[in-house]
Amino acid sequence: QIDQEILRYEEAVRDLKSRRNLLAPISQLPAEILCTIFLFCSVADPLTGTTYPADYRWRWITVTHISRLWRDIALSCPALWSKPEFTKTEWAYEMIRRSKMAPLIIEVTPNNWITPRVVDAVSEGLKHLPRINEIHLSVSRENMDKLLSGINHPAPFLRTLFLDISRNDPYYHSRAEPYILPGDFLGGDASRLSHIELTRCHLRWDSSLLRNISFLKVHNPGPPAPTLDQFIDALAGMPQLEVLDLENTLPGTPLTKATERPGVTLLRLRKLRTVGALNECAIFLEHVVLPPNATIHIVAKCGDAPESGSPTLQLIHDVCQHLPVVREMASSKSSTNCPPIKSLLVHSTGIGSGVVVEAWNSMTFNSFACAPSVGWLKLEFSWQRAGDKQLHNEVVVAVCRPLPLTHLRNLHVRNVYHDSVSSPTFARTFGTLPKVNSLTVEGSSAYELVDALNQHTGSKSTSLTGVASSSTSIPSPSRPTLAFPALRTLKLLEADFDRDHEAYNTLLQPLINCLMQRYEHKSEIQKLILERCTHLTLQDVGKLEEVVADVDWDQIECGYSETEDEDMDDEYDEGIDIFAGEAYYGYGPSYISSDEDMMFMGY
C-alpha cells in the first residue's frame, strides 16, 4: 500500500510538471510547427550540406526526452522516422514502425559496417516498397544480390535510385564483375522514378525504368556495351533528361540497323559528362544533339598517340567539330543561347599524358584556387604512350581551331614541360585573336610564350574563325602586327627565371626585350603580374619596373640553395653588384674552385 501511494504521488508530481511545462512560450506553438522544427533537427545542415557522424547525427532524438508534449508530437510525426538508422538495427525496426505510411528513405553508405543483422534490417525496409521514396545502397556485390534479388514489385512512389558496388568491398577491384540487375527488378514499374545513379551495376538499356527520367548517371556498368540503336532509343525515351553522366558505357561502334542515320536531340539537357575511348566520344557527339547552353565535360582516352596526320588527331578534331557551340556557329542561324567563350584554360599535363582545354563564358575565373570554378566546356584528351614532345601543339591546335574564340579575353596557359610548347604554333593559334587582353603563363613554358609575344602575325588580325578584327587598338596595316595585339596584362605564375641554370640564359633579358618591342609597336603591356616565380630578385623586378609602369610582384625570392642565399647576403653586405661582370649569385667562374663545389651547388 505504501508503494502504491508513492506511485500515486510521483504521478501527481509528473502531472504538475507537465502543467507547468505547458505554460512555457515554446509549448504554445502548434504541433505542426514543433514537428517542422524537429524535422530540421533531423536532417543535415541545409546551408552546408554537412553529413554528421552517426553518433552526432542522431542526437536530435533527445527531443523525445524533453517533455510529454514533445514526445507525443514527435511520435505522432511519421516523417520524422522515415529514414531508418540501419547501423543500429534495433532502432531501424522501431523507426520503420513509427514511420507508419510516410515515404521511406532506405540508405546504406560505404561508412556503414555491413553485418548480417544490418542486411536483414535493410531487407525489412525494402519490403515496404510501395511507399519507398529513395533507395541508396552502397554495398558489396554479394550484399547487393541479397538485397535486390527479390525486389520484383512496383514502386509507385520511388523517385531516386542509387546503387553502387562499394569500393570498401574487400573483393572489389577496378575490373571486378559488375552486378547485373534482375530483369524483373521493381517489376519494371516505377512511374515516378526520375533520378538514377548506377556504379558498377548493369541495367538493360531497353528497361522501362529509364523512361522519363531527368537525371542519369551510369559508371562502369561492364559488358555488354549498348549498341548505337539501343543507346539512341533509350535517350529518345528521356525527353525530360537534364543531367547525363556516362563513364565507360558508350556505344563502341557506329553500326546500326536503321536505314537512316540514327540521332536524338536532348532539348532539356543542362549538364553532360562522358568518359570513354576517343572513338566512343566521337560516335556519341555525332549522333546526339545537345543544347548550345549545356555544360559539357568530355574525357576522351586515346588508344594511340595523336601524331601529326594520324587518325587519332583527326578524331580529336571531329569531337570538337560536333560540339554544340561549334555546330551553332556553323549553322546559318545565330542563337543568343550559345554563351561566348571569354576565358580559356589550356593545360598540357605532361609528355605522354594529355591536354585539357576548359572554357568559361565570364571574364574572371580562378583555375588554380583551392576550390576552382568549373567551366561550361571542358575537354580532356589523354594518351598512354609517350611520344614526340610536340604532340601537345598538334592536339591544342586540333581542339582550339574549331572553337569560336572571337570573344576570348582571358587566356591561361599551364604547362608541365616547356618542350611541349612551340612559340610559332602558339602565336599562330592564339596570337591573331583580336580581343585577348589578359594572358596568364603558368609553369615551365614562360620562355617559349614570351618569345611568342614577339612573333609577327601579319598586317591584318584574323581570328581562328576567320573573322577580321576592327579594334582600333591594333596597329596600322602598313607595319607588321605582333601576336596578341590587344594584350595589356601579362601574368607569370611559377615561372623559373633561370630554368636552364645558366647565368647567360635567364628569362629576365628576353622578357625586357619583349616588353620594349611591344611598346615600340604600340601594343605595350600595361600591367605585369609576377607570382611564385623562382630565381627572381628585387633587382630584377626593379629593371622590369623601368619598362612597365604597373608591376605587381609578391616579393617572394625563392629557388636558391642555402649556400647561394648566404653568398648573396655576403655580397650585399660588401656592396658588390652581383650582376656585374661574370658573377652570378656568387657563383661566377672565379668562385668555383673544384668539382666538389660544383656538385654541392647542383651543377
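Residues numbered from 1 in each chain as written. Predicted model: local features only at pLDDT ≥ 70, side-chain atom pairs only at ≥ 80, totals over all residues. Heavy atoms only, no water.

Undergrad: How should I be thinking about unusual backbone geometry in this particular structure?
TA: The phi angle of most residues is negative, glycine excepted, and most peptide bonds adopt the trans form. Looking along the chain, the bond that leaves Pro 223 and enters Pro 224 is cis, with omega of 0°. When you line up the elements, Pro 224 lands in the loop between strand E7 (215-219) and helix H8 (228-236). Backbone geometry places Asn 212, a non-glycine residue, at a positive phi of 65°. Note that Asn 212 resides in the loop between strand E6 (201-202) and E7. Taking relative accessible area as the criterion, Asn 212 reaches 48% and is therefore assigned partly exposed. (Helix = DSSP H or I, 4+ residues; strand = E, 2+ residues; numbered from the N terminus. Buried < 20%, exposed > 50% of the residue type's maximum accessible area, 1.4 Å probe, protein only.)

Undergrad: For this particular structure, what's the right way to read the state of the cysteines?
TA: Chemically, a disulfide is nothing more than a covalent bond linking the sulfur atoms of two cysteines. By the definition in use, this model includes one disulfide. Residue Cys 35 pairs covalently with Cys 77 via a disulfide, S to S 2.2 Å. Of this pair, Cys 35 sits in helix H2 (residues 31-42) while Cys 77 sits in the loop between helix H4 (68-75) and helix H5 (89-98), and the two are 42 residues apart along the sequence. Residue Cys 77 is classed as buried on the basis of its relative accessible area, which comes to 6%. Just so you know, Cys 400 is unpaired, no disulfide at all, and the nearest cysteine sulfur is the one on Cys 320, 7.8 Å from it. Classification of Cys 400 as buried rests on a relative accessible area of 0%. (Disulfide = S-S within 2.5 Å.)

Undergrad: Sorry, what's going on with empty space enclosed by the protein here?
TA: The rolling of a water-molecule-sized probe over the atoms marks out the regions of remaining empty space. Under the defined criterion, the tally for this structure stands at one cavity of 30 Å³ or more. A volume near 130 Å³ is recorded for the largest cavity. For the lining of the largest cavity, the elements supplying multiple residues, two or more each, are strand E13 (343-348), helix H12 (391-400), strand E16 (410-415) and helix H13 (423-430). Considering only residue class, the lining of the largest cavity consists of eight nonpolar, seven polar and no charged. (1 Å grid on protein atoms, 1.4 Å probe; cavity = no way out; pocket = protein on both sides within 12 Å on 5 of 7 lines; lining within 4 Å. Points joined across faces, edges and corners; volume = space filled by probe spheres on them. Nonpolar A, V, L, I, M, F, W, Y, C, P; charged D, E, K, R; others polar.)

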